[in-house]
Amino acid sequence: MSVNTLLMSTSARLRDRRVTLERRATASKTVRTSLVSLAGLIGGPVTNQAGEDVGRVVDVVARLYGEESYPPVTGLILRIGGRHTFLAADTVGKVQAGHVRLRTARVDLRDFARRPGEVLLGKDVLDHQLVDVDGVQVTRAADLYLAPLVDKVVLVGVDVSMPTLLRRLGPRRWQARPTPERVLDWQAVAPFAEQATDGPPEVRLRASRAALHRLRPADLADILEDLGRVERQQLLGWLEPEQAADALEEMEPAELENLLREAAPEHAARLVNEMEPDEATDALRDLTPEERESLLRRMPTGQAAELRRLLSHREGTAGGAMTTLLVTARRHETVAEVRGRVAEHAEHRTEIDAVAVVDEQDRLLCDVALFDLAVAEDTSPVADLAVWLAQFGPPVTVHPDTPLAEAADQLVAARASSLLVVDDSDRPIGRILADDLLDAMLPERGRLHFRRFLQ
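Residues numbered from 1 in each chain as written. Predicted model: local features only at pLDDT ≥ 70, side-chain atom pairs only at ≥ 80, totals over all residues. Heavy atoms only, no water.

Caption draft 1: Focus on the overall build of the chain. Within the chain one finds 21 helices and 20 strands. The buried share of the chain, reckoned over its 455 residues, is 46%. The contacts in the chain between residues at least 6 apart in sequence include a share of 62% that link residues at least 24 apart. Here the chain has roughly 22500 Å² of accessible surface; of this, 51% comes from carbon and sulfur atoms. (Helix = DSSP H or I, 4+ residues; strand = E, 2+ residues; numbered from the N terminus. Buried < 20%, exposed > 50% of the residue type's maximum accessible area, 1.4 Å probe, protein only. Contact = heavy atoms within 4.5 Å. Areas by Shrake-Rupley, 256 points an atom, 1.4 Å probe, with all protein chains shown as cover.)

In structure tokens, the structure reads:
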């Protein structure tokens, strides 16, 4: 991709992002002036067309996991005498601050039965954890805001501010007052409703992924670390396995250890299986031998065998910190052919920063940095690159049992971002990356990640 194409692509994404924000309902002055506080509505009176009191609002039902950008209100739960009953949304005339007025004097009341995708906004969402995908943080809903939009009442926003929590503790006349300057648009929110499990899974996934797919793995890792146990497992269930694994690789070791223990063994095994080999090995080392073996037994045979090989290397050595993901090349291949092989590993871009050139017996000849590969002529044979690199001396390598401190000294001396790990016959068996080296040697600093050429 050329620089101009990259800049145009970035500009287009920023423009689309701006348009999306401008299209949000809460950007409309009309909507912002018609907001109705859910906290102020609950407990408020419901009157019929004649102005007679019908009952009190217990909760508001909305279709949270449907295809709509803003969940429509589908009904109200009312308290009439000592009985709770359901009132369908099509009988509601007007929803205003602390009060609901019906369209008719005759009311068809029925027992409430939750339909697919429906939640009780007061019970299931208010005061529950939410993910603000614009601010990339886990927060809690202090209030929810409803507003008329086209021909229905919909959930348009959420308030997460401390003053709103204090407002709800004050007199009732304060509780019904919305604070539009603190509202987050609902399209910037991914909700977690533990009780909303009756809807089809594909409906729930569609609504949540639309908000979460924009987040980087590091952002998702921060969110996973802040969520409660139930919400954390629910979020993992919403993500594609590859996206979830990328996020897990960014988590702090203690948090990742807790997450794997919380998950069902089959799910935890799938997640570890999708992680990069070195990251998966680190995660498994933190578990007990019984827990580790339980996950390995649930993985594909080949992947489990590879992880067992990595686990056999002592912690604190190059073998214990290396990744086995390698891209190799032969002297007779062209630069274009090798580039194509690198492109096939795009999903592992954070683990690849060079290509190992080997002879017919798989012994190491040289290590070609991706930059050198990128600027070489397509038709050039790899042998030419090997000859050019030979003038700088043999590639710096370490053995699996090399202590990490020694590997770090060699990495600094070579001014490289990774070192190849070779066996006694000088065959490459893995690569130790600079950030993994620092993670292992300086665990108190948290995970460090360097920018790589492919990123």
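Moving on, there is more to tell.
Caption draft 2: Structural view of the pattern of salt bridges. Applying the stated rule across the entire model yields 15 salt bridges. Close ionic contact of Arg-308 with Glu-293 constitutes a salt bridge, the shortest N to O distance being 2.4 Å. Of this pair, Arg-308 sits in helix α15 (residues 301-311) while Glu-293 sits in helix α14 (residues 289-297), and the two are 15 residues apart along the sequence. We classify Arg-308 as partly exposed; its relative accessible area is 36%. The class of Glu-293 is partly exposed, set by a relative accessible area of 30%. A salt bridge links Arg-339 to Asp-378, with the shortest nitrogen-to-oxygen separation between them at 2.1 Å. Placement of Arg-339 in helix α17 (residues 335-343) and of Asp-378 in the loop between α18 (370-375) and α19 (382-390) is noted, with a sequence separation of 39 residues between them. Judged by relative accessible area, which is 25%, Arg-339 ranks as partly exposed. (Salt bridge = Lys/Arg side-chain N within 4 Å of Asp/Glu carboxyl O.)

Caption draft 3: Expanded view of α15. Turning to α15, its buried residues are Gln-303, Ala-304, Glu-306, Leu-307, Leu-310 and Leu-311. An end-on view of α15 places all buried positions within 160° of arc, on one side of the element. Turned more than 90 degrees away from the buried face of α15 sit Thr-301, Gly-302 and Arg-309, all of them exposed. Those residues of α15 that are buried lie in contact with α12 (265-274), α13 (277-285), α14 and α16 (318-321). (Arc of directions from axis to C-beta.)

Caption draft 4: Geometry of the sheet that holds strand β12 (residues 152-159). Read from one edge of the open sheet, four strands run β1-β11-β12-β13, paired in antiparallel fashion. Both outer strands of the open sheet, β1 (36-37) and β13 (183-185), are each paired with one neighbouring strand and no more. As paired elements, β1 and strand β11 (residues 143-149) share two bridges and run antiparallel to each other. Bridge pairing links Val-36 to Leu-146 in β11. (Pairing = 2+ DSSP bridges.)

Caption draft 5: The sheet that holds strand β18 (residues 397-398), seen in detail. Reading across from one edge, β18-β19-β20 is the order of the three strands in this open sheet, with mixed pairing throughout. What marks the edges here is a single partner per strand, and that holds for β18 and β20 (428-433). Two strands pair when backbone bridges link them, and β18 and strand β19 (residues 418-422) are joined in this way by two bridges, in the parallel orientation. Residue Val-398 lies in a different strand from β19, and its bridge partner there is Val-421. Helix α20 (residues 404-414) contacts β18, β19 and β20 of the sheet and is inclined by roughly 125° relative to β19. (Axes fitted to C-alpha atoms, helices over the stretch in contact; angles between N-to-C directions.)

Caption draft 6: The arrangement of the side chain of Glu-306 in detail. With respect to the secondary-structure elements, Glu-306 resides in helix α15. One buried charge, Glu-306, has no salt-bridge partner; the nearest side chain with opposite charge is Arg-309, at 5.2 Å. The residues touching Glu-306, leaving out its near neighbours within four places in the chain, are Pro-277 and Thr-324. (Lys, Arg positive; Asp, Glu negative; His and termini not counted.)

Caption draft 7: Inspection of the packing of helix α9 (residues 229-238) against helix α11 (residues 253-262) at higher detail. Interhelical geometry of α9 versus α11 gives an angle of 80° and a closest axis separation of 11 Å. Relative to α11, α9 is oriented roughly perpendicular. Judged by residue contacts, Arg-229, Arg-232, Gln-233 and Leu-236 of α9 engage Glu-255, Asn-258, Leu-259 and Glu-262 from α11. Among the residues forming the contact of α9 with α11, the class breakdown is two nonpolar, two polar and four charged. (Parallel < 35°, antiparallel > 145°, perpendicular 65-115°, else oblique. Nonpolar A, V, L, I, M, F, W, Y, C, P; charged D, E, K, R; others polar.)

Caption draft 8: Main features of α17. All buried positions along α17 are accounted for by Val-335, Val-338 and Val-342. All buried residues of α17 fall inside an arc of 65° around its axis, so they share one side.

Caption draft 9: Structural detail: the side chain of His-267. Residue placement: His-267 occurs in helix α12. When neighbours within four sequence positions are excluded, His-267 is seen to be in contact with Gln-233, Leu-236 and Gly-237.

Caption draft 10: Quick look at a negative patch on the surface. A contiguous patch of negative charge on the surface is contributed by Glu-242, Asp-246, Glu-274 and Glu-347. Along the polypeptide, Glu-274 turns up in helix α12. Since its relative accessible area comes to 32%, Glu-274 is described here as partly exposed. (Patch = residues over 30% accessible without salt bridge, like charges linked within 9 Å, V, L, I, M, F, W, Y side chains within 5 Å. Charge placed at Lys NZ, Arg CZ, Asp CG, Glu CD.)

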